[in-house]
Amino acid sequence: MQAASAFLLHNEKLNVMISILKPKGVIMNFKDLATDRYSVRKFTDNPLKKEVIDKILEAGHIAPTGCNYQPQRILVINNEETLTKLRDCTRCHFDAPCAMLICYNKDECWTRPYDGNQSGIVDASIVTTHMMLQAWELGVGSTWVMHFNPFKMREEFEIPENIEPVALLVMGYPAPDAVPNERHSTYRPVEETVSYNKF
């Protein structure tokens with residue numbers, strides 16, 4: 001019975017992911033999506049509607065985490081009061097109309113028994129990647145920001161000690177003159193980054 005329930009849950013999550021990545025009835029090619037997406041640093045003033053935010057959050061919700069413990073905690077920042085606070089925490093806000101701070105709960109992570117290393121940073125990063133790509137598929141640009149003051153962020157947003165901020169996604173609709181960074185399409189040769197069987 002448990003195996004059957006797990007299988008059904010897996011299929012349900014798979015169907016949700018397929019529906020998310022299916023614009024206008026066509027399953028988007030993942031490589032095209034990943035290649036096309038770039039870090040947007042200039043946005044329009046148009047706010048993101050609740051249904052758009054919900055779809056982005058759903059993509060993070062179905063992301064894999066260590067042992068499926070789901071330690072991610074996401075703070076949506078999208079009103080003038082909280083966006084003003086955010087501007088005091090990072091210079092890399094780019095005046096985006098929305099941001100999401102992706103954190104993890106240190107008390108709920110899978111822990112590797114050999115060295116005590118926790119999965120939280122990896123879990124939060126996977127969640128962030130899912131949401132970043134989902135946003136782009138919806139026409140929403142974003143930039144993954146690590147350049148923020150974690151102490152100021154914790155103070156301004158009253159983040160509990162057991163919640164650890166990892167990534168900040170600033171997002172919104174790209175401005176008409178938004179362009180990728182000049183290094184966006186520059187890649188090292190695969191031979192420099194991949195080894196087989198030994199380094």
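Note that the structure is a prediction, hence the values are computed from the model and not measured.

Draft legend 1. Quick peek at the overall build of the chain. Across its full length, the chain carries seven helices and four strands. Starting at the N terminus, the α and β elements of the chain follow one another as α-α-α-β-α-β-α-β-α-β-α. Counting only residues that meet the buried cut, the chain has 37% of its 199 residues in that class. Taking as baseline every contact in the chain between residues at least 6 positions apart, the subset at least 24 positions apart corresponds to 79%. By element, 56% of the accessible surface of the chain is carried by carbon and sulfur atoms, the whole surface being about 12,700 Å².

Draft legend 2. How the structure looks around the sheet that holds strand E3 (residues 141-145). Strand order across the open sheet formed by four strands is E1-E2-E4-E3, with antiparallel pairing between neighbours. Of all the strands in the sheet, the pair left with one neighbour each is strand E1 (72-77) and E3. Each adjacent strand pair in this sheet contributes to an overall mean axis angle of 25 degrees, direction not counted. Where helix H3 (residues 50-61) meets the sheet, it contacts E1, strand E2 (98-105) and strand E4 (163-172), and its direction lies at approximately 165 degrees from that of E1. Packed onto the sheet, helix H4 (residues 80-87) meets E1, E2 and E4 and runs at close to 110 degrees relative to E1.

Draft legend 3. Quick peek at H4. When H4 is considered as a whole, its buried residues turn out to be Thr82, Leu83 and Leu86. Taken around the axis of H4, the buried residues stretch over an arc of 100 degrees, which confines them to a single face. Summarising the geometry of H4, the exposed residues directed more than 90 degrees from the buried face are Glu80 and Glu81. Contact partners of the buried residues in H4: E1, E2, helix H6 (150-156) and E4.

Draft legend 4. Representation of unusual backbone geometry in the model. With phi around 55 degrees, glutamine 70 is a residue other than glycine that occupies positive phi space. Turning to its location among the elements, glutamine 70 is positioned in the loop between H3 and E1. Within the chain, phenylalanine 94 stands out as a residue other than glycine whose phi angle is a positive 55 degrees. Relative to the helices and strands, phenylalanine 94 is located in the loop between H4 and E2. Looking at phenylalanine 94, the relative accessible area reads 25%, which means it is partly exposed.

Draft legend 5. Inspection of the side chain of aspartate 123 at higher detail. Within the secondary structure, aspartate 123 is located in helix H5 (residues 120-137). One polar contact links the side chain of aspartate 123 to the main-chain amide nitrogen of glycine 66, over a distance of 2.9 Å.

Draft legend 6. Inspection of the environment of leucine 169 at higher detail. Along the chain, the position of leucine 169 falls in strand E4. By relative accessible area, which is 0% here, leucine 169 ends up buried. Sequence separation between leucine 169 and methionine 132 is 37 residues; the distance between their C-alpha atoms is 7.5 Å. Ignoring any residue separated from it by four or fewer positions in sequence, one finds leucine 169 in contact with Cys98, Ala99, Met100, Ile102, Thr128, Met131, Met132, Ser142, Thr143 and Trp144.

Draft legend 7. Here's a closer look at the packing of H3 against H5. Where H3 contacts H5, the axes come no closer than 7 Å and their chain directions differ by 145 degrees. For the pair H3 and H5, the sense of crossing is right-handed. Here H3 contributes Lys55, Ile56, Leu57, Ala59 and Gly60 to the contact with H5, which in turn contributes Val127, His130, Met131, Gln134 and Ala135. Per-class residue counts for the contact of H3 with H5 are six nonpolar, three polar and one charged.

Scoring rules and cut-offs
- Residues numbered from 1 in each chain as written.
- Predicted model: local features only at pLDDT ≥ 70, side-chain atom pairs only at ≥ 80, totals over all residues.
- Heavy atoms only, no water.
- Helix = DSSP H or I, 4+ residues; strand = E, 2+ residues; numbered from the N terminus.
- Buried < 20%, exposed > 50% of the residue type's maximum accessible area, 1.4 Å probe, protein only.
- Contact = heavy atoms within 4.5 Å.
- Areas by Shrake-Rupley, 256 points an atom, 1.4 Å probe, with all protein chains shown as cover.
- Pairing = 2+ DSSP bridges.
- Axes fitted to C-alpha atoms, helices over the stretch in contact; angles between N-to-C directions.
- Arc of directions from axis to C-beta.
- Polar contact = N/O pair within 3.5 Å; in protein donor to acceptor, adjacent residues only side chain to side chain.
- Left-handed = near helix turned anticlockwise from the far one by under 90°.
- Nonpolar A, V, L, I, M, F, W, Y, C, P; charged D, E, K, R; others polar.

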